[in-house]
Amino acid sequence: MGRRPMGRKRKKRIKRSHPPGTLPGTLVAHAEADAAPVQIFLFSYDTQRCEERVLRPEEIATLSVPENGVLWLDIWGLSDPGVVKSVGDRFGFHPLALEDVLNIPQRPKVDRYENHLLIVLREVRYPEETEQVSLFLSDRLVVTFQERAGDPFDSIRDRLRKGLGKLRSEGADYLTYALCDAVVDSYFPVLEKLGEEVESLEETVISNPTPPILREIRGVKRQLLEVRRAVWPARDAMSELLREDSFLIRPGTRVFLRDCYDHTIQVMDMLETYREMAASLVDEYLSAVSNRMNETMKVLTMIAVIFIPLSFIAGIYGMNFDHQASPFNMPELSWRYGYPLVLIVMAATAGVLIYYFRRKKWL
Amino acid sequence: MGRRPMGRKRKKRIKRSHPPGTLPGTLVAHAEADAAPVQIFLFSYDTQRCEERVLRPEEIATLSVPENGVLWLDIWGLSDPGVVKSVGDRFGFHPLALEDVLNIPQRPKVDRYENHLLIVLREVRYPEETEQVSLFLSDRLVVTFQERAGDPFDSIRDRLRKGLGKLRSEGADYLTYALCDAVVDSYFPVLEKLGEEVESLEETVISNPTPPILREIRGVKRQLLEVRRAVWPARDAMSELLREDSFLIRPGTRVFLRDCYDHTIQVMDMLETYREMAASLVDEYLSAVSNRMNETMKVLTMIAVIFIPLSFIAGIYGMNFDHQASPFNMPELSWRYGYPLVLIVMAATAGVLIYYFRRKKWL
Amino acid sequence: MGRRPMGRKRKKRIKRSHPPGTLPGTLVAHAEADAAPVQIFLFSYDTQRCEERVLRPEEIATLSVPENGVLWLDIWGLSDPGVVKSVGDRFGFHPLALEDVLNIPQRPKVDRYENHLLIVLREVRYPEETEQVSLFLSDRLVVTFQERAGDPFDSIRDRLRKGLGKLRSEGADYLTYALCDAVVDSYFPVLEKLGEEVESLEETVISNPTPPILREIRGVKRQLLEVRRAVWPARDAMSELLREDSFLIRPGTRVFLRDCYDHTIQVMDMLETYREMAASLVDEYLSAVSNRMNETMKVLTMIAVIFIPLSFIAGIYGMNFDHQASPFNMPELSWRYGYPLVLIVMAATAGVLIYYFRRKKWL
Amino acid sequence: MGRRPMGRKRKKRIKRSHPPGTLPGTLVAHAEADAAPVQIFLFSYDTQRCEERVLRPEEIATLSVPENGVLWLDIWGLSDPGVVKSVGDRFGFHPLALEDVLNIPQRPKVDRYENHLLIVLREVRYPEETEQVSLFLSDRLVVTFQERAGDPFDSIRDRLRKGLGKLRSEGADYLTYALCDAVVDSYFPVLEKLGEEVESLEETVISNPTPPILREIRGVKRQLLEVRRAVWPARDAMSELLREDSFLIRPGTRVFLRDCYDHTIQVMDMLETYREMAASLVDEYLSAVSNRMNETMKVLTMIAVIFIPLSFIAGIYGMNFDHQASPFNMPELSWRYGYPLVLIVMAATAGVLIYYFRRKKWL
Amino acid sequence: MGRRPMGRKRKKRIKRSHPPGTLPGTLVAHAEADAAPVQIFLFSYDTQRCEERVLRPEEIATLSVPENGVLWLDIWGLSDPGVVKSVGDRFGFHPLALEDVLNIPQRPKVDRYENHLLIVLREVRYPEETEQVSLFLSDRLVVTFQERAGDPFDSIRDRLRKGLGKLRSEGADYLTYALCDAVVDSYFPVLEKLGEEVESLEETVISNPTPPILREIRGVKRQLLEVRRAVWPARDAMSELLREDSFLIRPGTRVFLRDCYDHTIQVMDMLETYREMAASLVDEYLSAVSNRMNETMKVLTMIAVIFIPLSFIAGIYGMNFDHQASPFNMPELSWRYGYPLVLIVMAATAGVLIYYFRRKKWL
């Protein structure tokens, strides 16, 4: 992930992998997918035990689901469509569902097939790129596909290993809830970071409104937009999952899914607050810039205005009226204190103008 | 509450206490919760009597709900998760519900569990911080959790003690209504205060539009936004409560809940009016600032423009044409009244320009 | 009503009378209610006859509803909660409904109680204050509470007295319709007045855009907002009344209620048109102001620019090069027509500039 | 129709004819209705024949509906309420429906009465005034009321006369569809004209942004708003008509009504596009004006700035330092080529400044 | 397609072909339809075989639908209404549906007739004009009408010819899905191109904000608006198709239609992102222009302000006070180093001003 995240991400995220006219259900690796080899982690657990190991792709075809437990396949990397295909073949997942796994980015959603559900969510890991998490829920089986290594599931793995909470004693639907909740919970720290950026921009906008800030604001707004594109449909997906009356989700798990749905709404709330703040930042920037500009223009114009009458006075006494031809022609020029007097008059004029400007609060 | 409310509040309010990956149902004190010790107040009443006392945490486990009356536990402070846990254990509240009590801030909502309801509301006490009120309604039982000491329930306690109204003769659902209504009613004075601020800003914006006012406007807008974040979901919660067909709410109480729902709508109405007024304040500020700026620029430019022709005249008579070489070369210079005449011409020019500007209403 | 309507109204309208924590169903006079004594008018009519008289408060308790006719109590003034209470006691109205009568302002609404309906509407009488009309519809009974003397019901009273139309031969529901329709119809002349104000502002904004106009626009916008706050919920109330399947409203009356509902929609239509026009007024004001400003600046700058080159020419011939030291040093100064020539050059320069500006349409 | 359409129309359109408090069902001519005498055209047709004649008002009372055909009364002009009344009496139309015919303008709508439907539409004939078309559909009967002579129904009359299409073989509902469709279709040419105006304004706004254009834009926006007020409710009316399960509309006709409904949606689409274009015109105008202003200011300021250093140079050599008192005092004044040199320096300064401005793209 | 697409397209797209009052179901060629001759391609296939040939118009009347396969008629060009009519006659399509084929542009929609569906979509081929695709789905039959040659169906034809995927083994509904999906998929590359334009404009707006860019922005915004007009109703159409419980669409095909619906939502997402970006481009342009203008004004004013005090100093020493008449009268003029001193003072003044401006960040 050494590349600059923002520029590239935007371009990549927005592109679908398949050219138009591709056969539906075609499984090909995404053109810009990470080339890193696929890693497969198996968790097979029930109340008593928890087996955890790394799987070779060839083993998928012969996997079996534990009688009274749950099997969780966690697959990192989408560079090998063969893995996706063999998972699909082994567990009977629908070709269109498998295509959605590879054809990133999908909009977060819940798709119901005859005997399995596909839940697509989007993990947000700022400043890294966002990542698609595709989760299959079937009978005693959960399969997750992730684009890259690194995820927010470590605490779940820990709970599985150590038998914390009721994760091991509940079924695949509870694991599904736990995974979804982990994805949703990971939005909070990202939002907090973005929120801090918005707040720091708020201060900078007033103290030092320069054009680069506008670009930073635009950057944050885009980040927030991207989070929004991940969260808004996730909320719908969670709401749908909550109402889904599939046999795969037991009533007891619904109360937990509602909790997860509540979290998405809280995220939306925070998000909209930050978006509103970011939107008003632009106005404040423009207002601050124009304030500054006005300030500048005012001071400059003032200087000009003060000197104009002074120059006018100097101009008068630069006229060449012949003071010898007539006593009315600028007799001041040969007064003893003519010059000092004029200087005093000039200083007084300047003083009066400055005082006037100050009283009018223009200075 | 001696600290500056606004800055801190915003930062705190927006943070969730649990780090991502926390076990669901984990009960830990909120990181920024007040450390003040938890206080527990018990009201146990029926039509005839009303017992009121302070409870020690150890007593919770052995509490019993009165046969024909209502038990109200009012708990102040969230610093001790043990209290929340023992309340939950004693009365069989769902772990997720208990988590919502501690994991502030929650969005106002109504969550229905098998034999109890959780109602989350947000108390707004401007300029103090807002505070979460979590209310459990179960059979003959109401439990309220508040973040801090201080609440709008004093009149309810009084009515319980003195047996005013029909509070003591009605059930737990009526107490629930009374408590919700008290929270909602407490929005009105806050809104009135904010409304007065908006109105005073309205006058200042026109009489003295300086940058600090923009910041004050932003402050009020944020306060209104915060109230909105409390009220909007509260309205939905009340509406849901109204339609809830739980056995916990008797039909006779619904008409009161509808009244409470009406109040939330009235709050929304006031709120939106103030928000609209506050939003237009920014426009008015900008318009006032630019008016003022224009005013300034106009006067300044005018001064400049008046002196420019005068300086030009002075410049002409500062030319060194040799009036001895030709009778056409500035004979004015040696006229008897040349200089006074020029001064008169200048004064006339200035006068004409000023008159012209006045007639054009530029001055 | 001799007081200035706008300032006071806004403050009053937005305040609820009850302090938070008031016992629900408490009947106290609104703090800012008119202190004028309550007046009670009784209409008791059937197809044959129509009795009309003024009632003393004591008589309420012993009132009886006519067997085959309709009783209409029309009560003006809310200064005496005792009257409201005795009406409620006599006819069995719900305490919350009675509270809504006194606790002004209520949002227009229809509340259904066991055997009566409460319809709250808001009468708009520009430039006087708006006023709440609370209407109880029960079996053969209509009770209306109004804040003050003066209402749009005179034509209804007339129709009752003279037996015009089918008002006397229809039931209480038809009277309810007639009263609601009278309230809704009274919005039209108010809107027409406001519309005329908007249109006259539209012309002033272009011919004479001064800051006070902005304030007038704001005033009209607020008036429109107030009407909107009266009409929008009234529309919902009418729509609800239309769909209400209470035994109190006979099918034959529904077609009339639909007509009344249609009127509220027409009011909304007009209102939104005026609001849109008023909103664009601000933009036009700002555009006109800046146009005017630009105009000013342009002319002023032009004057400055024309004189600058002229002053420059004068400045050149004010240089003191020694034309005796060299034949190249400003020989013009001693030419016979040097001075007139320079004046001509100056005039030409000014002419050319003016011509150029005119052609560029800057002048 | 020789009067200026826009000004008068707006004022008239927005006024309702009845003063508040009018008896419901009162039939009076609209105060501003055209005074032209009412014209009544009768079409009585079935598959075989089509009778067409002008009817005298007295004949209405004795009209009979053909056994197996359709009777279409087309009435032009609303100046005589007696005609409306006798039509209502003859065919049993509801008084409120008849009132809607006279009390223009009504919002487009469909009102269902016991055995007839009232369809109100608004004909748009730019630049003439819009006109209300009220259509009664009853058993084998269609009655249309129009405000004035002139309508888009000529092609329908032609089809009736010549027996084109299946109009004569279908029932009254099909005629209703045909009439509604004709009204809706007549929106298209109006919109096209308005669209052309918007497009021509778009070009003018950039080439010649003067204040009158703003007024023209406002005019077009208002026209579009007026069409919108006709079309938007017409769409709802059509949609309602489509879903209406009255015996008056046979299933086979529904597919045609859906087509008509589609047309209203297409009109809305066009309309919203034009409205969006017109809205952005104002922004473009303001941007063009300010561009132009900036342009002006830039050139003017530039001229000023170029001359300022030149004047400064001239000012230096206008100083009266005594070059005989010291060899350091302005010896240039007595150089042989002093003056030409200074002129050259001035020209060079001006050249450099102009070059600099050009390179900075300010010129 | 050699003509300039944008200007002409907008004008054409928005015009309906039929003049108001046209007989419903009238089939006439669109006035601006391409005059190119109609081409008809037949695909008749089942699992085993696939017949593909060009059809002459006369053959349509005698066509038969294969027993166990699917017949796909693909018709290019709308210049001959006779072809549309004979297709309609042969397969019993409703006249209104046929009219929609010819009367372009129709809004994308799904219309259900007794035994066939009409699906109207809009193909977007930037920078060429958009094109209407009308698809009839009947029992074992699909007929597509396209405005011109060129479509995104080549890969489907290929799959039919080579028997790739399950296209040949599924029914007419699956072919319908494949065609719709091909149209929807073709939006992606167009959007990507427009997205690239938006992004390149984003850079240009900051580096070189000139008026033509505003026009380019407007162009892109309009393109996006046009795509939106194609996609938004297409989404509704797909959603309707998904919920359509016609016997023509088998349950197994629904999951594919849902996929297609998902794609339209993805397109909407991308579209709205680009639209938001394009909308903010205008603001950025205006901000960049005003920044640039401010920049210019600032530098220019600064130059002016620096020279004004200098000119004032020069003006002072241009005064003609008689230094022989008094020792106080400008003795500097005859100092030995008077002139150099004044020059130094001037340079110092300029330096101080420049330093001051730099420190204030105005320079």
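This is a predicted model, so every value here is computed, not measured.

**Notes on the overall build of chain A**
Phase 1: When helices and strands are counted, chain A shows 9 helices and 7 strands.
Phase 2: In terms of C-alpha radius of gyration, chain A reaches 35 Å, well past the compact-globule figure of 21 Å for 363 residues.
Phase 3: Each of the three principal axes of chain A carries a C-alpha extent, and together these read 125 × 40 × 30 Å.
Phase 4: A total of 363 residues make up chain A; the buried ones form 43% of that total.
Phase 5: The long-range share in chain A, meaning contacts at least 24 apart out of those at least 6 apart in sequence, stands at 70%.

**Considering the sheet that holds strand β4 (residues 109-112) of chain C**
All names here are of chain C.
Phase 1: A sheet is described by the order of its strands in space; here 7 strands give the open sequence β2-β1-β3-β7-β6-β5-β4, paired in mixed fashion. Two strands lie at the open edges of the sheet, namely β2 (50-55) and β4, each paired on one side alone. Within this sheet the neighbouring strands show an average axis-to-axis angle of 15 degrees, counted without direction.
Phase 2: Examined bridge by bridge, strand β5 (residues 117-123) and strand β6 (residues 131-138) share 7 bridges and lie antiparallel to one another. Among the inter-strand pairings, Leu 118 is bridged to a residue of β6, identified as Phe 136.

**Description of the interface of chain C and chain D**
Phase 1: Contact with chain C, which involves 48 residues of that partner, is made by 39 residues of chain D.
Phase 2: Listing elements by their share of the side of chain C that touches chain D, those giving two or more residues are α4 (154-162), α5 (172-185), α6 (187-207) and α8 (251-316) of chain C.
Phase 3: In terms of residues, the side of chain C that touches chain D owes the most to one element, α8 of chain C, which gives 23 residues.
Phase 4: Classifying every residue of the side of chain C that touches chain D by side-chain character gives 22 nonpolar, 16 polar and 10 charged.

**So, unusual backbone geometry**
Residue and element names in this part refer to chain B.
Phase 1: The linkage connecting Ile 104 with the following residue, Pro 105, adopts the cis geometry, with an omega of 0 degrees.
Phase 2: In this structure, Pro 105 sits in the loop between α3 (95-102) and β4 (109-112).
Phase 3: At Arg 140, a position not held by glycine, the phi torsion is positive, near 55 degrees.
Phase 4: Relative to the helices and strands, Arg 140 is located in the loop between β6 (131-138) and β7 (141-146).
Phase 5: With 19 C-beta atoms packed within 10 Å, Arg 140 lands in the partly exposed category.

**Let's talk about the relation of the copies chain C and chain D**
Phase 1: For the pair chain C and chain D, the superposition axis carries a translation of 0.1 Å, the fit reaches an RMSD of 0.1 Å, and the rotation angle comes to 73 degrees. The transformation just described matches what one would write down for a five-fold rotation axis. The rotation axis passes nearest to the C-alpha of Gly 318 of chain C in chain C, at a distance of 4.5 Å.
Phase 2: Of the residues that chain C buries at the interface, just 10% are likewise interface residues in chain D, meaning the two copies contact each other through different surfaces.

**Re the packing of helix α8 (residues 251-316) of chain E against helix α9 (residues 338-359) of chain E**
Residues and elements named next belong to chain E.
Phase 1: Where α8 meets α9, the axes come as close as 10 Å, and the angle between the chain directions of the two elements is 155 degrees. Relative to α9, the element α8 lies roughly antiparallel. The handedness of the crossing between α8 and α9 comes out as right-handed. On α9, the residues that touch Met 302, Val 305, Ile 306, Pro 309, Leu 310 and Ile 313 of α8 are Val 342, Val 345, Met 346, Thr 349, Ala 350, Leu 353, Ile 354 and Phe 357.
Phase 2: Grouping the constituent residues of the contact of α8 with α9 by class yields 13 nonpolar, 1 polar and no charged.

**Focus on the confidence of the model for chain A**
Residues and elements named next belong to chain A.
Phase 1: Overall, the predicted model of chain A reaches an average pLDDT of 86, with 92% of residues at or above 70.
Phase 2: Within chain A, strand β7 (residues 141-146) carries the highest mean pLDDT (96), whereas helix α1 (residues 5-13) carries the lowest (39).
Phase 3: Taken as a whole, residues 1-14 scores under 50 in pLDDT and shows 12 contacts with residues more than four places along the chain or in a different chain.
Phase 4: With pTM at 0.79, the complex prediction returns an ipTM value of 0.74.

**Notes on the pairing of β6 of chain C**
All names here are of chain C.
Phase 1: In terms of residue burial, β6 counts as a mostly covered element, since 7 of its 8 residues are buried.
Phase 2: Both β6 and strand β7 (residues 141-146) contribute to a ladder of 6 bridges, which runs antiparallel. Residue pairing in the sheet places Ser 134 in a bridge with Phe 145 of β7.
Phase 3: Linkage of β6 to β7, two consecutive antiparallel strands, is achieved through a turn of 2 residues, within which Arg 140 is found at a positive phi near 55 degrees.

**What to know about the sheet that holds β4 of chain B**
Residues and elements named next belong to chain B.
Phase 1: Strand order in the open sheet made by the 7 strands is β2-β1-β3-β7-β6-β5-β4, with mixed pairing throughout. In this open sheet, the two edge strands, each paired with only one partner strand, are β2 (50-55) and β4. Recorded for the sheet is a direction-independent mean angle of 15 degrees between the axes of neighbouring strands.
Phase 2: Judged from the 6 bridges that link them, strand β3 (residues 70-76) and β7 form a sheet pairing that is parallel. Residue pairing in the sheet places Leu 71 in a bridge with Leu 141 of β7.

Definitions and limits used
Residues numbered from 1 in each chain as written. Chains lettered and ligands numbered in written order. Predicted model: local features only at pLDDT ≥ 70, side-chain atom pairs only at ≥ 80, totals over all residues. Helix = DSSP H or I, 4+ residues; strand = E, 2+ residues; numbered from the N terminus. Rg over C-alpha atoms; globule rule 2.2 N^0.38 Å. Buried ≥ 20, exposed ≤ 12 C-beta atoms within 10 Å, placed from the backbone. Contact = placed C-beta atoms within 7 Å. Pairing = 2+ DSSP bridges. Axes fitted to C-alpha atoms, helices over the stretch in contact; angles between N-to-C directions. Nonpolar A, V, L, I, M, F, W, Y, C, P; charged D, E, K, R; others polar. Least-squares fit on C-alpha atoms with pLDDT ≥ 70 in both. Parallel < 35°, antiparallel > 145°, perpendicular 65-115°, else oblique. Left-handed = near helix turned anticlockwise from the far one by under 90°. pLDDT = per-residue confidence, 0-100.

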